[in-house]
Each structure stands twice: as C-alpha cells, then as structure tokens.
Amino acid sequence: MKVHIHTFGCQMNVNDTETMMGLLEIAGHEMVETPEEADLVIINTCAVRQKAEDKFYGKLGELNRIRRRRHLIVGVAGCIAEKDGKKLLERDDVDFVVGTRAISRVTEAVSKAMKGEKVAILDDHLDELNAHVARRRMSSHHAWVTVIYGCDKFCTYCIVPYTRGREKSRPMEDVLEEVRELARKGYREITFLGQNVDSYGKDLGDGVSLAKLLMEAEKVDGIERLWFLTSYPVDFDEKLVDVIAASKKIARSIHLPVQSGSDEILKKMNRGYTRGEYMDLIHMIRTRIPDASISTDIIVGFPGETEKDFEDTLDLVRKLRFERINLAMYSPRKGTVAAKYYKDDVPRAVKSRRLQTLLELQKRINLEINGRYLGKVVRIIGEDRMKDGRYYGRTIRNKIVIFESKENPVGRFLDIKVERVTPGPLYGRIIWMEGSNQRLEHEPAEELGVHT
Ligand code: SF4
C-alpha cells in the first residue's frame, strides 16, 4: 500500500513520523511524497493551539476532495488523536486513530483499516519504542532521539499532559544503544527530545539524569554534537550546567521557556518559578557557560494580563537579551485549567499589539547580537540545501548561517567567514570545508571569542 504521512507540530511529532514510516516500510508499505500518490494518508496532528487544530481540519477537507474521486484510507495520529480518541471515528472521513503512546501499533491499525474496520488504538505501548525499532530518518547526519515521553507539569494553559500522558523515560542503556547505532551509520548530530527533557530519568529511580545521559553520549565515537529540547526552568539544575560547560560536543544552545515576565501571570500559569528565580537561573548559566545562547518562549495575552504585566515581560526581555523568542498569542485549549477557570479577556487586538511590540524589540536585540559576528569566522555543520540552491548550517550556538558551495557540504564541518548579518540568519563564504580542498584562507574559527 502507498502511504503518505503529513506531519504537523513539534520535533516530537517529526520523530514519531520517522518511527511510523520505518515500521510501515518494514511491513511492506511504500512511503510516498504526496496524498495524490497515496492509497492511505496518516495525519500526525498537533493540538497545542487552536490554529494547529484548525489546520488538521483543513487537511481533512483537502483529503475529502480526493476521497470524493477515489478510495483513500485516512488515519489520525498525534495529539488530536489522543485528545479526541474514538470520537474521531464518528466522522465519515476518518478510518483509524492511533494515539501518541501507541504509534508502535500503527501497522496493526493500517491492516485493520485496509479490511474496512474502523479502529482506534489508544493504549500505552511506549515500551515497544526501543533502540531496535526501525525508523526512517529524514536526515542522514542528524537524528532526533526521544528520551522521555509526556509531561507532569500541568501548566494551566497546556494540553500536552492530557495528550502525551505522564512522564515516562526510556532506560539510559536503550537510548545509548540507539546513539551507538546512529554513530555506526554515520550520524554526527543527535537531539535528545522530551516535552520536559530535563526530567529525563527521574521516573526511573536508578539515578540517571539528562546530565548523565549527555556525558555518556558524548563518549560515543563519531557523535560530534549533542542538542536537547525542551527544557523546563525548574528542572534545569547546576549539574546539567556544569556538564554542558565542560563539554566540547554539547551545544551551547539552551532553550528555556519563560512564558511571561510577570509573577502574577506565572502563578496563574502554574509555571512553578518566579520572575526573579528565572533571572537568577539565566545569570547562573551565563556565569558558568559564558558562550551560552539562550532562547525562550513567551505567550502574550494570557487571561488577566494587564499592561503592567506585559511591561514586566518587555523589561525581562530587555534585561536578559535572549537570542531567539518563539512568540504566541494565548488561545484557550478545551480541557485545560485555564480554559475552564480563566476568562480569555484580553482582546485580540491587544494580544496582536503586544506580540508585535515584542517582535520588534526582539528584532533589534537580534540585530545587535548578530552584528558582533560580522567579519568573524564561525564553525558550522552543513545542514541542508535551500530551494534557491544555497546551503545552510548552524553553529554550536544555534546560529543559522547561509552560504554557497560547489560541493555538497551537508553533514560536514565548515568554517564560514560572516560577511552579512540580519536579525535572522548570518551570511558568509566558506573558507574551509572538512574533507575538501576548498580552503581559501586560513583563519581560526571563533564564535564571539569562544572556539567552536
Ligand atoms: S512544561 Fe508546561 S508547557 Fe511544557 S509541555 Fe509540560 S505542561 Fe506543557
């Protein structure tokens, strides 16, 4: 059967898609690029915001147009599958549902759907997702590796604890086996994933932690860079900071969502820290890892957010000077505490203005930070080719650098002289490429005074 998977949402979903593709291929199905070529389409959904959910229903509409012309089986996986479960099967346009903890059973769901059975597999089979599961990776040099599933934090606005379940870590030896296998296949970069990746190991009770996992993973020959996503400020401890500081392979990119600069709003969000505690954490990280690149997430327009609360957020951003901010306007998610108890009382126009104000502030900060790269040489790993034929890669501080190359630089180390900066990517030219004779000048790579 020809199968197409459409993926919405976060890297966790991307990794789940890779797993489903691997399992389906082993079962004899052929993966295709578009729904038009497919006999069966799986939509791997995201429920984090209403907009994401709307996109899913838009996609179902598109598939319905194909279904009116010919037979097409449609399955739903991901967070909406988990949230709405069997209810989705009441729809004429959904044939099967696979929950976030049941993706290892995707082939079973597909077989039943091929026989005309409407099926929902929603129970917990996470233990089956071990190092030996076939995964069809999107990249040949970088791999996503999910190390912990679920989240126990219950931030009041967030649907994830309801769609991904409680925290469940994979045994460290199993994760390391996957890392070693990836290294054997030539992978050089790994990103450890978890909704709350710093919680890794806490539920296992055997003393393992993200810090320990990173320390062990960096010993694996062939692995050159290690990343991890997403961190939760309360669980980001000094031990982890020290491990990053001492490492040459762990990325200096730390994503620590703050969500608001107002104590009042943080409390209503149930984030578990105050503005002062968050700022102290960032200062501690920057003291011990002077080249740390810290990014964050902020939600504007949370219920009850006053101009003063928003001013506190602006002030925090001015003081901490993040290197990137993912901004979102609050939208209530049915089933969460915030949707149930707090009125969505900040008008859309006010949310929009606050978002715009933060965007402009962040743009100025980005341009100032990136300006310091002008004329410097940075070391990157080539990541991919862009539509216009140029390539991009990223530094160990997660700066994206765009450049031209005659040879394929993907997966190789390169030194790039930065010739133009923007609030987003840096632009430059290659002065050295691993395994190539394309060395044009000899200058040591540096990243704002720090060797990379
Ligand atoms: S830490 Fe909070 S925002 Fe992040 S996934 Fe868990 S509940 Fe959601």
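Residues numbered from 1 in each chain as written. Predicted model: local features only at pLDDT ≥ 70, side-chain atom pairs only at ≥ 80, totals over all residues.

**Q** Explain the overall build of the protein chain here, please?
**A** The number of helices and strands found in the protein chain is 13 helices and 18 strands. Taking 22 Å as the expected radius of gyration for a compact globule of 452 residues, we find that the protein chain reaches 23 Å, a close match to that expectation. Once local pairs closer than 6 in sequence are excluded, the contacts in the protein chain between residues at least 24 apart make up 70%. (Helix = DSSP H or I, 4+ residues; strand = E, 2+ residues; numbered from the N terminus. Rg over C-alpha atoms; globule rule 2.2 N^0.38 Å. Contact = placed C-beta atoms within 7 Å.)

**Q** So what exactly am I meant to see when it comes to the packing of helix 1 (residues 11–26) against helix 4 (residues 106–114) here?
**A** Between two packed helices, both the angle of their axes relative to each other and the distance between the axes serve to describe the pair. Contact geometry for helix 1 and helix 4: axes closest at 9 Å, N-to-C directions at 60 degrees. Here helix 4 runs oblique to helix 1, going by the angle between their axes. Every pair of crossing elements has a handedness; the one defined by helix 1 and helix 4 is right-handed. Listed contacts from helix 4 to Met20, Leu23 and Leu24 of helix 1 are Val106, Thr107 and Val110. (Axes fitted to C-alpha atoms, helices over the stretch in contact; angles between N-to-C directions. Parallel < 35°, antiparallel > 145°, perpendicular 65-115°, else oblique. Left-handed = near helix turned anticlockwise from the far one by under 90°.)

**Q** What should I look at first to understand the domain arrangement of the protein chain in this one?
**A** It is common to give the size of an interface as the accessible area lost on bringing the parts into contact. Entries for the protein chain in the domain assignment read domain 1 (2–126), domain 2 (139–251), domain 3 (287–371) and domain 4 (377–433). Between domain 1 and domain 2, the C-alpha centre-to-centre distance is 26 Å. The partner domain 2 presents 13 residues to the 14 residues of domain 1 that form the contact. Elements that contribute at least two residues to the side of domain 1 that touches domain 2 include exactly helix 1 and helix 3 (79–84). At five residues, the largest contribution of residues to the side of domain 1 that touches domain 2 is made by helix 1. Classifying every residue of the side of domain 1 that touches domain 2 by side-chain character gives six nonpolar, three polar and five charged. (Domains from an automatic or database assignment. Nonpolar A, V, L, I, M, F, W, Y, C, P; charged D, E, K, R; others polar.)

**Q** Just checking my understanding: could you explain the sheet that holds strand 5 (residues 96–98) for this structure?
**A** By definition, the strands of a sheet pair up through backbone hydrogen bonds, in either a parallel or an antiparallel sense. Read from one edge of the open sheet, six strands run 2-1-3-4-5-6, paired in parallel fashion. Whereas interior strands pair on both sides, the edge strands pair on one side only; in this sheet they are strand 2 (30–31) and strand 6 (119–121). With three bridges joining them, strand 4 (residues 73–78) and strand 5 adopt parallel strand pairing. Among the inter-strand pairings, Ala77 is bridged to a residue of strand 5, identified as Val98. Across the sheet, helix 2 (residues 50–69) is in contact with strand 1 (2–7), strand 3 (40–45) and strand 4; its angle to strand 3 comes to roughly 170 degrees. (Pairing = 2+ DSSP bridges.)

**Q** How should I be thinking about helix 6 (residues 172–184) in this particular structure?
**A** Side chains three or four residues apart in an α-helix point the same way, a direct result of the helix having 3.6 residues per turn. Here helix 6 spans 18 Å end to end across 13 residues, near enough to the 18 Å set by a 1.5 Å rise per residue. Met172, Val175, Glu178, Val179 and Leu182 are the residues of helix 6 that are buried. With its buried residues spanning 125 degrees around the axis, helix 6 presents them on a single face. Facing away from the buried side of helix 6, by more than 90 degrees, are the exposed residues Glu173 and Arg184. Those residues of helix 6 that are buried are in contact with strand 7 (142–149), strand 9 (189–194) and helix 7 (210–217). Following helix 6 by one or two positions, Gly186 adopts a phi angle in the positive range, close to 100 degrees. (Expected span 1.5 Å × (residues − 1). Buried ≥ 20, exposed ≤ 12 C-beta atoms within 10 Å, placed from the backbone. Arc of directions from axis to C-beta.)

**Q** Would you mind going over unusual backbone geometry with me for this structure?
**A** Across the chain, the bulk of peptide bonds are trans and the bulk of non-glycine residues have phi less than zero. Look at the link from Leu229 to Thr230: it is a cis peptide, with omega at -15 degrees. Positive phi outside glycine occurs at Asn270, with the angle close to 60 degrees. Checked against the element boundaries, Asn270 lands in the loop between helix 9 (263–269) and helix 10 (275–288). We note that Arg321 has phi near 45 degrees; this positive angle belongs to a residue other than glycine. Tracing the backbone through its elements, the reader meets Arg321 in the loop between helix 11 (307–320) and strand 13 (324–329).

**Q** Can you walk me through the site of the ligand in this structure?
**A** Taken together, the neighbourhood of the ligand is formed by Cys151, Lys153, Phe154, Cys155, Cys158, Val160, Pro161, Gln195, Asn196 and Tyr232. Considered class by class, the residues forming the shell around the ligand number seven nonpolar, two polar and one charged. (Near = placed C-beta within 6 Å.)

**Q** Which parts of the structure should I look at to understand the pairing of strand 15 (residues 391–394)?
**A** Judged from the four bridges that link them, strand 14 (residues 377–385) and strand 15 form a sheet pairing that is antiparallel. Across the sheet, Arg385 pairs through a bridge with Tyr391, a residue of strand 15. Here strand 14 folds back onto strand 15, and the loop between the two strands holds five residues, one of which, Gly389, carries a positive phi near 95 degrees. Pairing of strand 15 with strand 16 (residues 400–403), which is carried by four bridges, proceeds in the antiparallel orientation. Bridge pairing links Arg394 to Ile400 in strand 16. Adjacent in sequence and paired antiparallel, strand 15 and strand 16 are bridged by five residues, among which Asn398 carries a positive phi angle near 65 degrees.

**Q** Please clarify how the environment of Leu361 should be interpreted in this entry.
**A** Structurally, Leu361 can be placed in helix 13 (residues 348–371). The class of Leu361 is partly exposed, set by 15 C-beta atoms lying within 10 Å. Sequence spacing of Leu361 and Arg318 is 43 residues, and the spatial spacing of their C-alpha atoms is 7.9 Å. Excluding residues within four positions of it along the chain, Leu361 makes contact with Leu314 and Val317.

**Q** So what exactly am I meant to see when it comes to the environment of Glu383 here?
**A** In this fold, Glu383 is placed in strand 14. Glu383 sits 41 residues away from Gly424 along the chain, and the two C-alpha atoms are 16 Å apart. Residue contacts for Glu383: discarding those within four places in its chain leaves Tyr392, Gly393, Arg394 and Val410.

**Q** Is there a simple way to explain helix 7 in this structure?
**A** Looking only at helix 7, the buried set comprises Leu210, Ala211, Leu213, Leu214 and Ala217. Along helix 7, the residues classed as buried sweep out an arc of 165 degrees about the axis, all on the same side. Where helix 7 is buried, its residues meet strand 7, helix 6, strand 9, strand 10 (225–229) and helix 8 (238–246).

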